[in-house]
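# Understanding the architecture of this molecule
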Amino acid sequence: MNDLKPIVPEASGIGTPMIIAGPCSAETREQVMATAEELSRNGVRIFRAGIWKPRTKPGGFEGVGAEGLEWLKEVKEKTGMLLTIEVATRQHVELALEAGIDILWIGARTSANPFAMQEIADAIKDSGKDVAVMVKNPVNPDLELWIGALQRIYNAGVRRLGAIHRGFSAYGKHLYRNLPQWHIPIELRRRFPEMPLICDPSHIGGKRELVAPLSQQALDMGFDGLIIESHCEPDCAWSDKDQQVTPEVLNFILNTLVHRDSTVTTESLSILRQQIDELDNELLEVLNKRMRVSREIGQYKKEHRMPVLQIVRHDEIMQSRVKLATDMGMDAEFMRTVLSAIHEESVRQQIEIFNDRTR
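Described below are features of the structure shown in this document. (Residues numbered from 1 in each chain as written. Predicted model: local features only at pLDDT ≥ 70, side-chain atom pairs only at ≥ 80, totals over all residues. Heavy atoms only, no water.)

## Thoughts on the overall build of the protein chain
- Looking only at helices and strands, the protein chain features 13 helices and eight strands.
- Expressed as lengths along the three principal axes of its C-alpha atoms, the size of the protein chain is roughly 75 × 45 × 40 Å.
- Burial statistics for the protein chain: of 359 residues in total, 47% are counted as buried.
- Summarising the internal contacts of the protein chain: among those between residues at least 6 apart in sequence, 72% fall at separations of at least 24.
- For the protein chain, the distance from the average position of its 44 positive side-chain charges to the average position of its 51 negative side-chain charges is 5 Å. (Helix = DSSP H or I, 4+ residues; strand = E, 2+ residues; numbered from the N terminus. Buried < 20%, exposed > 50% of the residue type's maximum accessible area, 1.4 Å probe, protein only. Contact = heavy atoms within 4.5 Å. Lys, Arg positive; Asp, Glu negative; His and termini not counted. Charge placed at Lys NZ, Arg CZ, Asp CG, Glu CD.)

Shown next as structure tokens:
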């Protein structure tokens, strides 16, 4: 994928990065037009709106369907904005292209399904139309699956092809709705430096107050654009209201972002430090989960009158983990030090449970 072209070079929007904005869902004609007209006045040149909405559970709002295409056509006629919507099936693709949609995007659930991706790729190829396509990362942090989804679209003849980073699903409570794991899109950029890379801070953050800092972070790492959810009345939105901002707020955010004069390469020190920070956060989360399991083990030992220290188990862990670490190219003494520190903390937490008479 070394012959890619810009998605829409003439529609970068405010400043250098490509800006895509609009509501999570097209709800009514009035809501779509009000949002689009205000965004257009503020300089946004690409309008997004979901008309087919994949929901986690049945019963939620699943979009207005093909009716919304007529509203979007009116947006294009009145404002001159380019249009982008999410597609997940052959029928979606056919209807979108018939309606003159300029850019298709493929959601995280769909990009995780090779069968669905091939169906969409075949539909685009059969249409014979030169349409731009953006592929969101799969819900799970699998770079190869993301690349595979992009390759299927590329093999269908699409050269105006881009990737959208929307974060990755994770179990439990976190600051973000979807964990950024920046090192994954950075690795995608390293492998395919010509691939336009767009950040979706709305879905990463899940909260409107996180849109601005995540947008700045993405631009600092050399992302080519932003796709941000904006609604004329976000508190009344039929889907994802917490992560949408008004066009007025979006305009403020865009005008306060710092745009870098040149693209920062993936080899720069700042980018590498971003990767270290992200990986350190992941290490802390894993260690926290491990300590939680250790506390559960401590409770079990207390209830069954077992001693905290299990020498045989400790020795088995040290031996197997050190060997695994050395096979990965790490120093054996380094790993012994790390494992000893983890073991000491586990023992300390289990002793606290033994000393807690309320348990």
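## A few points about a nonpolar patch on the surface
- Side chains of Leu 324, Met 328, Met 330 and Phe 334 sit close together on the surface and give an oily, nonpolar patch of about 400 Å² of accessible area.
- Examined against the element boundaries, Phe 334 turns out to sit in helix 13 (residues 332-355). (Patch = residues over 30% accessible without salt bridge, like charges linked within 9 Å, V, L, I, M, F, W, Y side chains within 5 Å. Areas by Shrake-Rupley, 256 points an atom, 1.4 Å probe, with all protein chains shown as cover. Salt bridge = Lys/Arg side-chain N within 4 Å of Asp/Glu carboxyl O.)

## Some remarks on the pattern of salt bridges
- Tallied over the full model, the rule gives 20 salt bridges.
- Between Glu 187 and Arg 191 there is a salt bridge, with its nearest N and O atoms 3.1 Å apart. In this pair, Glu 187 and Arg 191 are both assigned in helix 7 (residues 183-191), four residues apart and thus about one turn of the helix distant.
- Its salt-bridge partner being Lys 323, residue Asp 327 comes within 3.1 Å of it at the nearest N-O pair.

## Focus: the packing of aromatic side chains
- What the rule picks out here adds up to two aromatic pairs.
- Here the aromatic rings of Phe 61 and Trp 238 are separated by 5.1 Å at their centres, their planes lie at 90 degrees, and the arrangement is edge-to-face. Here Phe 61, found in the loop between strand 2 (46-48) and helix 2 (67-79), pairs with Trp 238, found in the loop between strand 8 (225-229) and helix 10 (247-256); they are 177 residues apart in sequence, far enough to count as distant.
- Note on Phe 61: relative accessible area 21%, which makes it partly exposed.
- Ring geometry for Trp 182 versus Phe 223: centroids 5.7 Å apart, planes at 85 degrees, classification edge-to-face. Here Trp 182 is found in the loop between strand 6 (161-165) and helix 7, whereas its partner Phe 223 is found in the loop between helix 9 (211-220) and strand 8, with 41 residues between them in sequence.
- Relative accessible area serves as the criterion here: at 2%, Trp 182 is assigned to the buried category.
- Here the guanidinium or amino end of Arg 159 rests over the ring plane of Tyr 154, the centre of that ring lying 3.7 Å away. (Phe/Tyr/Trp six-rings, centres within 6.5 Å; stacked < 30°, edge-to-face > 60°. Lys NZ or Arg CZ within 6 Å of the ring centre and 35° of its normal.)

## Topic: the sheet that holds strand 4 (residues 103-106)
- Pairing is parallel around the closed barrel formed by eight strands, whose spatial order is 1-2-3-4-5-6-7-8. Neighbour-to-neighbour, the strand axes of the sheet open up by a mean angle of 25 degrees, direction not taken into account.
- Relative to strand 2, strand 1 (residues 18-22) is paired through two bridges, and the arrangement is parallel. Across the sheet, Ala 21 pairs through a bridge with Phe 47, a residue of strand 2. (Pairing = 2+ DSSP bridges. Axes fitted to C-alpha atoms, helices over the stretch in contact; angles between N-to-C directions.)

## Focus: the packing of helix 12 (residues 311-327) against helix 13
- The N-to-C vectors of helix 12 and helix 13 enclose an angle of 140 degrees; their axes lie 9 Å apart at closest approach. Taken together, the axes of helix 12 and helix 13 lie oblique to each other. The chirality of how helix 12 crosses helix 13 is right-handed. Packed against helix 12, whose contacting residues are His 314, Ile 317, Met 318, Arg 321, Val 322, Ala 325 and Thr 326, the element helix 13 presents Ala 332, Met 335, Arg 336, Leu 339, Ser 340 and His 343 at the interface.
- Of the residues belonging to the contact of helix 12 with helix 13, the class tally is seven nonpolar, four polar and two charged. (Parallel < 35°, antiparallel > 145°, perpendicular 65-115°, else oblique. Left-handed = near helix turned anticlockwise from the far one by under 90°. Nonpolar A, V, L, I, M, F, W, Y, C, P; charged D, E, K, R; others polar.)

## A closer look at the pairing of strand 1
- Among the five residues of strand 1, five are classified as buried, and the element is accordingly described as predominantly covered.
- Judged from the five bridges that link them, strand 1 and strand 8 form a sheet pairing that is parallel. The partner of Ile 20 across the bridge, within strand 8, is Ile 227.
- As a crossover connection, the stretch from strand 1 through helix 1 (residues 29-41) into strand 2 is right-handed. (Right-handed = clockwise from strand over helix to strand, strands pointing away.)

## Focus: helix 9
- Residues of helix 9 that are buried include every one of Val 211, Leu 214, Ser 215, Gln 216, Ala 218 and Leu 219, and no others.
- Contact partners of the buried residues in helix 9: strand 7 (197-199), helix 8 (201-205), strand 8 and helix 10.

## Remarks on the environment of Lys 125
- Of note, Lys 125 is situated in helix 5 (residues 114-127).
- Note on Lys 125: relative accessible area 53%, which makes it exposed.
- In the structure, Lys 125 is positioned 29 residues away from Tyr 154 in sequence and 9.9 Å away in space, judged by C-alpha atoms.

## Quick look at the side chain of Gln 243
- Of note, Gln 243 is situated in the loop between strand 8 and helix 10.
- The exposure class assigned to Gln 243 is buried, which follows from its relative accessible area of 1%.
- Within the structure, the side chain of Gln 243 is placed 3.0 Å from the side chain of Glu 229, a separation counted as a polar contact. (Polar contact = N/O pair within 3.5 Å; in protein donor to acceptor, adjacent residues only side chain to side chain.)

## Overview of helix 3 (residues 90-98)
- Among the residues of helix 3, those classed as buried are His 92, Val 93, Ala 96 and Leu 97. One side of helix 3 holds all its buried residues, which, seen down the axis, span an arc of 120 degrees. Opposite the packed face of helix 3, turned more than 90 degrees from it, sit the exposed residues Gln 91 and Glu 98.
- Residues of helix 3 that are buried sit in contact with helix 2, strand 3 (82-86), strand 4 and helix 5.
- In the stretch just after helix 3, Gly 100 is the one whose phi turns positive, near 85 degrees. (Arc of directions from axis to C-beta.)

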